[in-house]
Amino acid sequence: GPAEVRVAIKALNSLSSRLKAAMETRMRRIAAAGHDLRTPITRMRLRAEFVENEEDRAMWLKDIDELDRIADSAIQLVREESRKSTPEPLRLDVLISELVEELKQLSYDVTLVRVTAGTVRADRTGLSRAFRNLLINAATHGKRARVSVRSMPSEMIVVIDDDGPGIPPEMIGQVFEPFFRASRARTKEFDGAGLGLTIAHEIVQRAGGNITIENGRERGLIQVVRLP
């Protein structure tokens, strides 16, 4: 093509390469930080065990556990963004039904409201992790989770709603950002590093789908997953 087109293509290719390199560097740094945290966390845990006051020891161990979860979640996020999965045909209705039963046994308030049979192509381990994160998010922050699975001509739709306080409208666009918290005051009430939705979003996108989250009309959140 014309010289101007060739110059533009060369510039775009160069930009793409630099962006890819920058993303890979960022991921390596996050993974390295997560791994490097493991050693001092272990040392802190050992020292905390020798704190004589039981109340102080419990508080130290609780904070150390939170640091441990953050490190593990950061490493898990990097793995999900960099891993090469092998998609396979999956009965999504069966997968969701099994997850609901599993979480019920762990005392989460999760109810399967409606389910229709349908198949998607995705990595089983990754997709299970994604829906487990979404369901636990609804059952903890939203008090209880109700899930339905619908089969459409070209896609499968999973809807998860809850009875929680929802998210301020001005913050709804930030829900998939790492370490996002809708309310810092409520952070202490729940375990977790704030990466569950980020990891779920990455997995669903890699499977060719998408997640949308919105506030319910009266209360709670509605999480909608669409998979081809």
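Analysis parameters
Residues numbered from 1 in each chain as written. Predicted model: local features only at pLDDT ≥ 70, side-chain atom pairs only at ≥ 80, totals over all residues. Heavy atoms only, no water. Helix = DSSP H or I, 4+ residues; strand = E, 2+ residues; numbered from the N terminus. Contact = heavy atoms within 4.5 Å. Buried < 20%, exposed > 50% of the residue type's maximum accessible area, 1.4 Å probe, protein only. pLDDT = per-residue confidence, 0-100. Patch = residues over 30% accessible without salt bridge, like charges linked within 9 Å, V, L, I, M, F, W, Y side chains within 5 Å. Areas by Shrake-Rupley, 256 points an atom, 1.4 Å probe, with all protein chains shown as cover. Salt bridge = Lys/Arg side-chain N within 4 Å of Asp/Glu carboxyl O.

Here's the deal with the overall build of the chain
- On a plain count of helices and strands, the chain comes out with five helices and seven strands.
- Starting at the N terminus and ending at the C terminus, the chain contains elements arranged as α-α-β-α-β-β-α-β-β-α-β-β.
- For the chain, restricting intrachain contacts to residue pairs at least 6 apart in sequence, the fraction spanning at least 24 positions comes to 64%.

Examining helix H5 (residues 196–206)
- Burial runs high along H5: eight of the eleven residues are buried.
- Positive phi shows up at glycine 208, right after H5, with a value of about 85 degrees.

A short note on the confidence of the model for the chain
- Mean pLDDT over the chain: 84, with 89% of residues reaching 70 or higher.
- Across the chain, the secondary-structure element scoring lowest on mean pLDDT is helix H2 (residues 54–82), at 78, and the one scoring highest is strand E5 (residues 156–162), at 95.

Description of a nonpolar patch on the surface
- A cluster of nonpolar side chains, contributed by Leu12, Leu15 and Leu19, occupies part of the molecular surface with about 290 Å² of accessible area.
- Locating leucine 12 in the fold gives a position in helix H1 (residues 3–48).

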